[in-house]
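Working through the structure, step by step
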Amino acid sequence: MYKHIDKNNQHLQLLSGIADPVRMQIVLYFAGKGPECVGDIAKHFTISRQTVSHHLQIMERAGVLSVHKKGREIFYKFEAPYVIEQLDTILNVLKTNYK
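Just so it is clear, the structure is predicted and the values come from calculations on it, not from any experiment. (Residues numbered from 1 in each chain as written. Predicted model: local features only at pLDDT ≥ 70, side-chain atom pairs only at ≥ 80, totals over all residues. Heavy atoms only, no water.)

1. Considerations on the pattern of salt bridges
- Enumeration according to the criterion identifies one salt bridge in this entry.
- Across the pair Lys43 and Asp40 runs a salt bridge, and its minimum N-O distance is 3.6 Å. (Salt bridge = Lys/Arg side-chain N within 4 Å of Asp/Glu carboxyl O.)

Right under this line is the structure:
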């Protein structure tokens, strides 16, 4: 029935990685910023650091963020080129199939 689901799994992962109000706020927070550590990111939200960290991990698994460690700190970076490319692909498929 849905033969393209497996091929589009990365698109589904990406969408699930941003399909939450907190995660969308995190995406907007990263606009124009480079890598940020969890503590600095959490300072800009009213939710707990643990909750922010949980959302960041989900976003990393979805490919929305990349992560690297420096000492004891974990830094996250918004992967704008990847996100834009994947969203463009989704939009192109929709435009092609739903004219």
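2. What to know about the packing of helix 2 (residues 21–29) against helix 4 (residues 49–61)
- Two elements in contact, helix 2 and helix 4, have axes separated by 10 Å at closest approach and are oriented at 75°. Considered as vectors, helix 2 and helix 4 are oriented roughly perpendicular to each other. Here Val22, Arg23, Ile26 and Val27 of helix 2 lie close against helix 4, whose contacting residues are His55, Leu56, Ile58 and Met59.
- Of the residues in the contact of helix 2 with helix 4, the class split is six nonpolar, one polar and one charged. (Axes fitted to C-alpha atoms, helices over the stretch in contact; angles between N-to-C directions. Helix = DSSP H or I, 4+ residues; strand = E, 2+ residues; numbered from the N terminus. Parallel < 35°, antiparallel > 145°, perpendicular 65-115°, else oblique. Contact = heavy atoms within 4.5 Å. Nonpolar A, V, L, I, M, F, W, Y, C, P; charged D, E, K, R; others polar.)

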